[in-house]
Amino acid sequence: MFSVLATIIQAQTAESKQPVYTDNASILHHMSDALHQSLYRVLSLLIAVLPGLLAFFVALAVFTFVGMALSAILRHGLGWVKFDDRLTRYRGSGVDWTPTNSPTAIVARVSFWGCVLLGMVIGVSAFDASYATAASLPISLLPYLTHAVGAILLLIAGTLIARFLARSVLIGAVNAQLQYARFLSLGVKWLVLVLTAAMVLDHLEIGGAVVELAFGILFGGIVLTLSLAIGLGSRDLVSRSLESRVDRIDRNVEVPPPATGGPGETLRHF
Amino acid sequence: MATTNSMAELQTADNKPAGRLLVLLIGAQTAQVEPLVGNLSAALPNEELILAVPEGTATEQQSKLRFVDLPASKPSWILTAADFVHALQLAQKNEAHAILMLGPEAVSLEAEGLARLARAASMPGIDLAVPCYALPSRGGLVNSAILYPLSRALFANRARFPLAVDLGVSLRMAERLGAAAQKLVSLHQGDVPMWVVSDAMVGGMKIEEIDAGPRTLPQPGEPDLNTILPFVTGSLFSDIEAKAAFWQRARVSPPLHRQSAIASSVVDGSTEVASMLEGFRLAYENLREIWGLVLPPNAMLGLKRLSTINGAAFRMPEALWARIVFDFLIAYRMRTINRGHLLGALIPLYLAWVASHINTIAAGDDPERHIEVHAAAFEAEKAYLVARWRWPDRFNP
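On a predicted model such as this, the values are computed, not experimentally measured, just so you know.

## Overview of the domain arrangement of chain B
Residues and elements named next belong to chain B. In terms of domains, chain B is made up of domain 1 (4-223) and domain 2 (270-390). For domain 1 and domain 2, the distance between their C-alpha centroids amounts to 32 Å. Each side of the interface is counted separately: domain 1 has 10 residues, and domain 2 has 12 residues. For the side of domain 1 that touches domain 2, the residue count by class is 7 nonpolar, 2 polar and 1 charged.

Here you go:
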């Protein structure tokens, strides 16, 4: 009886030992399976997307060459028919076009970049199509790319506007003989650049409320700093500049000069 | 080929053919019309005068004197494109053989000067009669610094005031100017000035310069130099750009016959000079990068040397000023930088020239001689302008 019990206990022990050995192998096996499957999925996706990527570069290259050919043909053709001269005569003015900005050059340049842009759109569309068929989730790359392009355009426009405004303020302030002209110009430039950066990040939907809050604090801080610097720190300087400006306006008010020169003659530019 | 006889003796009244002379009194007030009419009637007794005056300012009609309404236009201190359009329309409607255009404040013209101008306008052989005003030594500085030297160097004409506010034009000259003005009016640019001297030279018209004596030149409604100088200079640069095919040929301006247009006087301008030089040095520190985009290294070096000179010793060399103006003209054409910025950056340089001019006058030099020397420098540097115009990227000393 005892031997039967021992046999039963040994069998149970053996049975209880066997499942431990079986779970370890199963976990490793499952893990290995998971890794293999994910690797397979990613590689499959990559393989599926590669043709689209290749199609993008091929489309871009082909249309770039087409653009170059079209640009050359247009340049030669318009030069042969004397397009610039005909346009000048038609406009009735004797404006001498500069060599780099003649109508022919502009048409050729526009046609080239138009073809490049078309190639990019076609390539992105092909890439997007191959990605959509390969991926299980219906994610389209095109909207994000358009957002990115829009953000780049925003950045370029903002930079150009910042430089234009900075230069305008600099020249205006120098002609008004303001000593802090360069400081004012830099302040305007950075204000516009900060605004542009905030708009770009918002357009790309990066940061969300954090960006908005940071921009508000930074922009308000810059404006407050400029106001304090000009209003309080440069109080005497501003009042002297304004007084000298008023004096200049008073001197330029029409005072008929004597017919011949004499002391106290007013300076008249016209 | 246009010819110019400065200060030629005019024919007597007996030799002038009777005809209709259209006189436009632009911007004249009611109280100013009567003395002007009196002077004109005395100067041209044989001429039938048609007076175009602003509505409501006409005086009593007389024989050989008829009033017509001048169409309303935007008030201006110069003769604008709209004025020339109205002049041509009225001349054709009233069958006038010549036109005399008198700008604002024409009542300040002396009777003799007005008479000379009126007689020149009605003479059959003259297409354009341009007055030469006798101004004080510190008057008409933009004209002395930029307008006259450029007009003389490029169009080979010594008309002292190419942007005159009083003009005598023949009917054929009026037709030419009216056609050009109509294009500007149709582009909604009716308030831009017309550069009649260059138009006359390009059209092969005969130009006569008349001694008009002293005159109070009308001042711009907006007295800010920062607005007016870019407006006038930009208009002149555009005109020069449009007529590039004409002035690139070598031409010689006729010899000078007129008397001095500017009275010589010794006036202490040390306060104004100090202010202008301070502005110039401030501009040199802050606008150096912008000037460097427009001016070649030689000119920048010249400006650097000038920025270290103070007070009465400040003198801008004639050749340097001529090249600066030409470089800005080139940059205007090439659109190197925004045109508004370009002309704004010219203002401190112009004020530096004014400071130099005041110093020259204060030292006792004849102001007219100084201006003529500058104008001669423009003529001498014309080859520089032509070379840079034709090869802007290759020729940049």
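## Remarks on helix 9 (residues 270-294) of chain B
Residues and elements named next belong to chain B. Compared with the 36 Å implied by 1.5 Å per residue over 25 residues, the 30 Å span of helix 9 between its first and last C-alpha is markedly short. For helix 9, the principal kink sits at Leu287 and spans about 75°. Every buried residue belonging to helix 9 is among Val273, Met276, Leu277, Phe280, Leu282, Ala283, Tyr284, Leu287, Ile290, Trp291 and Val294, and all of these are buried.

## Concerning unusual backbone geometry
Residue and element names in this part refer to chain B. Phi angles above zero are rare outside glycine, and Glu105 is one such case at about 65°. On the secondary structure map, Glu105 appears in the loop between strand 5 (98-102) and helix 3 (111-122). Among the residues examined, Glu105 registers 21 C-beta atoms within 10 Å and is labelled buried. One non-glycine residue with positive phi stands out, namely Arg335, at about 55°. Given 12 C-beta atoms within a 10 Å radius, Arg335 is considered exposed.

## Some details on the pairing of strand 3 (residues 48-54) of chain B
Residue and element names in this part refer to chain B. Summarising burial for strand 3: 5 of the 7 residues are buried, a large majority. Strand direction decides the pairing type here: strand 2 (residues 20-25) and strand 3, joined by 5 bridges, are parallel. Bridging from a neighbouring strand, Leu21 pairs with Leu49 of strand 3. This β-α-β element, strand 2 to helix 1 (residues 30-43) to strand 3, shows right-handed connectivity. Bridge count for strand 3 against strand 4 (residues 65-70) is 6 bridges, and the pairing is parallel.

## Remarks on the packing of helix 11 (residues 318-334) of chain B against helix 12 (residues 339-362) of chain B
Residue and element names in this part refer to chain B. One way to put it is that helix 11 packs onto helix 12 with a least axis distance of 10 Å and a crossing angle of 175°. In terms of orientation, helix 11 and helix 12 fall into the roughly antiparallel class. Two secondary-structure elements touch here, helix 11 through Trp321, Ile324, Phe328, Ala331 and Tyr332 and helix 12 through Arg339, Leu342, Leu346, Leu349 and Trp353. Here the residues of the contact of helix 11 with helix 12 are counted per class, giving 9 nonpolar, no polar and 1 charged.

Conventions we followed
- Residues numbered from 1 in each chain as written.
- Chains lettered and ligands numbered in written order.
- Predicted model: local features only at pLDDT ≥ 70, side-chain atom pairs only at ≥ 80, totals over all residues.
- Domains from an automatic or database assignment.
- Contact = placed C-beta atoms within 7 Å.
- Nonpolar A, V, L, I, M, F, W, Y, C, P; charged D, E, K, R; others polar.
- Helix = DSSP H or I, 4+ residues; strand = E, 2+ residues; numbered from the N terminus.
- Expected span 1.5 Å × (residues − 1).
- Bend = angle between axes of the 7 residues up to and from the residue.
- Buried ≥ 20, exposed ≤ 12 C-beta atoms within 10 Å, placed from the backbone.
- Pairing = 2+ DSSP bridges.
- Right-handed = clockwise from strand over helix to strand, strands pointing away.
- Axes fitted to C-alpha atoms, helices over the stretch in contact; angles between N-to-C directions.
- Parallel < 35°, antiparallel > 145°, perpendicular 65-115°, else oblique.

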